[in-house]
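# What the coordinates show
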Amino acid sequence: MSPIEHKQQQVEATLKLAPVVPVVIIDDAKAAVPMARALVAGGTPAIEVTLRTPAALEAIRAIAAEVEGAVVGVGTVLTPKDLHAAQQAGARFAVSPGVSPKLLDAADDSELPLLPGTATASEVMHLLERGYRFLKFFPAVPAGGHKLIGAWASPLPQVRFCPTGGISLANAHDFLGLPNVVCVGGSWLTPADKLKAGDWAGIEQLAREAKALR
Ligand code: 3PG
């Protein structure tokens, strides 16, 4: 099996853990472990911690080391340096909002599986050429929503998407019902107010509702 196919199979297994991948923006690394325990308890164990705050890498390290059952990934990966830092911190998968040649080359050289972002058929074709079958569709709702992904099912049947961006409990069904959607991503499971208040029971409940989507 080629290295990229091996990583694609790892991504597939991760994306199939639950219908929703929580996308986390974390300000306080101390919140990481109880938050991740709540997400695992609620049934959404694949967790994307975005590199949008100074606390992100420490949060990934803590979840990787301390939270049994969590599969922690890194989001908002823009550069080869981001990929490397996330791998060192213990991330098990990486997610990018789009792609660049430098990032794809670095991903080829890395053992960390990448879920690259796409918003056009040309980007999808480019990533297919590089061996990717599992892609993030971003930003899902502004870029065309479930109708755009649905329209790709016939000409691009070999691709599976994780749409992210503008998805909530209210519209997740529109995406999860499509044959080419494996799961969705969203930040609604870990809202800033609940993280700040340490409302882990509330986050667990949001995860439970998300898990029940499928
Ligand atoms: C992402 O990082 O993929 C998105 O910002 C998450 O989008 P959402 O906040 O609309 O769920």
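Here the structure is shown first, and the text comes after it.
Residues numbered from 1 in each chain as written. Predicted model: local features only at pLDDT ≥ 70, side-chain atom pairs only at ≥ 80, totals over all residues. Heavy atoms only, no water.

### Overview of the sheet that holds strand 8 (residues 160-163)
To be explicit about the condition: Between any two strands, pairing holds if DSSP finds at least two bridges. Helix numbering and strand numbering both begin at the N terminus, where a helix is a DSSP run of H or I of at least 4 residues and a strand a DSSP run of E of at least 2. Only heavy atoms matter for contacts: two residues are in contact if any of them lie within 4.5 Å across the pair. Angles run from 0 to 180 degrees between N-to-C directions of axes, and those axes are lines fitted to C-alpha atoms, restricted for helices to the stretch in contact.
The strand order across the open sheet formed by 3 strands is 6-7-8, and the pairing between neighbours is parallel. Both outer strands of the open sheet, strand 6 (117-118) and strand 8, are each paired with one neighbouring strand and no more. Pairing geometry for strand 6 and strand 7 (residues 134-137), over 2 bridges, is parallel. Looking at the pairing, Gly117 lines up with Lys136 of strand 7. In the packing of helix 8 (residues 145-152) onto the sheet, the strands contacted are strand 7 and strand 8, and the crossing angle to strand 7 comes to about 150 degrees.

### Brief notes about the site of the ligand
What counts here: Any residue with a heavy atom positioned within 4 Å of a molecule or strand is treated as near that molecule or strand. Polar contacts here mean pairs of N or O atoms no more than 3.5 Å apart (in protein, one a potential hydrogen donor and the other a potential acceptor; neighbouring residues in sequence count only if both atoms are side-chain atoms). For this scheme, ten residues count as nonpolar: Ala, Val, Leu, Ile, Met, Phe, Trp, Tyr, Cys and Pro. Four count as charged, namely Asp, Glu, Lys and Arg, and the remainder, Gly too, count as polar.
Neighbouring residues of the ligand: Val23, Arg52, Lys136, Phe138, Thr164, Gly165, Gly166, Gly186 and Ser187. Separating an oxygen atom of the ligand from a side-chain N or O atom of Lys136 is a distance of 2.7 Å. Grouping the amino acids of the shell around the ligand by side-chain chemistry returns 2 nonpolar, 5 polar and 2 charged.

### Regarding the nonpolar core
Spelled out, the test is: To define a nonpolar core, start from buried Ala, Val, Leu, Ile, Met, Phe, Trp, Tyr and Cys residues and group those joined through side-chain atoms within 4.5 Å. Burial here depends on accessible area, computed with a 1.4 Å probe over protein chains only, as a share of the maximum for the residue type. Under 20% is buried, over 50% is exposed, and the range in between is partly exposed.
Core analysis: the biggest nonpolar cluster contains 61 residues, and Ile26, Val49, Ile63 and Val184 have the highest contact counts within it. Here this core takes 6 residues from helix 2 (residues 32-42), the largest share from any one element. Setting aside residues no more than four positions away along its own chain, Ile63 makes contact with Ala32, Val33, Met35, Ala36, Val49, Ala70 and Val72. Within the second largest apolar cluster, 12 residues are counted, among which are Val11, Val21, Val71 and Cys162.

### Observations concerning the sheet that holds strand 2 (residues 46-50)
Pairing is parallel across the open sheet formed by 6 strands, whose spatial order is 5-4-3-2-1-9. Only two strands of the sheet have a single partner each, and these edge strands are strand 5 (114-115) and strand 9 (184-186). Taken together, the 5 bridges between strand 2 and strand 3 (residues 71-75) define a ladder with parallel strand orientation. Bridge pairing in strand 3 links Glu48 to Gly73.

### A few points about the packing of aromatic side chains
When we look at a pair of aromatic rings, we describe it by the centre distance and by the angle of the planes. Our working rule: Between the rings of Phe, Tyr and Trp (Trp by its six-membered ring), a pair exists once the centres lie within 6.5 Å; its type follows the angle of the planes, with under 30 degrees stacked, over 60 edge-to-face, and the other angles tilted. Each ring is checked for a lysine NZ or an arginine CZ that lies within 6 Å of its centre and within 35 degrees of its normal; such an atom marks a charge sitting over the ring.
This structure, assessed with the given rule, holds 3 aromatic pairs. An aromatic cluster of three or more residues is present, and its members are Phe137, Trp152 and Phe161. Against the face of Phe138 rests Lys136, its NZ or CZ located 4.5 Å from the ring centre.

### Here we look at the pairing of strand 1 (residues 20-24)
When you tally the buried positions in strand 1, you get 5 out of 5 residues, the bulk of the element. Residues Val20, Pro22 and Val24 point to one face of strand 1 and Val21 and Val23 to the other, with burial holding for every one of them. One ladder, built from 3 bridges, connects strand 1 with strand 9; its direction is parallel. By the bridge assignment, Val21 is partnered in strand 9 with Gly185.

### Describing the pairing of strand 2
Along any regular strand, the residues point their side chains to alternate faces of the sheet. So the rule is basically this: Handedness rule for crossovers: strands pointing away from the viewer, path from the first strand over the helix to the second running clockwise, crossover right-handed.
The element strand 2 is largely enclosed, with a buried count of 5 among its 5 residues. Both faces of strand 2 are covered, namely the face carrying Ala46, Glu48 and Thr50 and the face carrying Ile47 and Val49. With 2 bridges joining them, strand 1 and strand 2 adopt parallel strand pairing. By the bridge assignment for strand 2, Val23 is matched with Glu48. A crossover connection joins strand 1 to the parallel strand 2 through helix 2; in handedness this β-α-β unit is right-handed. Of the crossover connections in this fold, the one passing from strand 2 over helix 3 (residues 56-66) to the parallel strand 3 is right-handed.

### Details of the pattern of salt bridges
Oppositely charged side chains may form a pair once their charged atoms are brought near each other. Quick reminder of the rule: Any carboxyl oxygen of Asp or Glu within 4 Å of a side-chain nitrogen of Lys or Arg constitutes a salt bridge here.
The full count for this structure, using the stated rule, is 7 salt bridges. Across the salt bridge formed by Asp28 and Lys30, the nearest N and O atoms sit 3.9 Å from each other. Given the relative accessible area of 38%, Asp28 is considered partly exposed. You can call Lys30 exposed: its relative accessible area is 71%. In this structure, the salt-bridge partner of Lys194 is Asp199, at a minimum N-O distance of 3.8 Å.

Function cannot be read off these values alone, since they describe shape.
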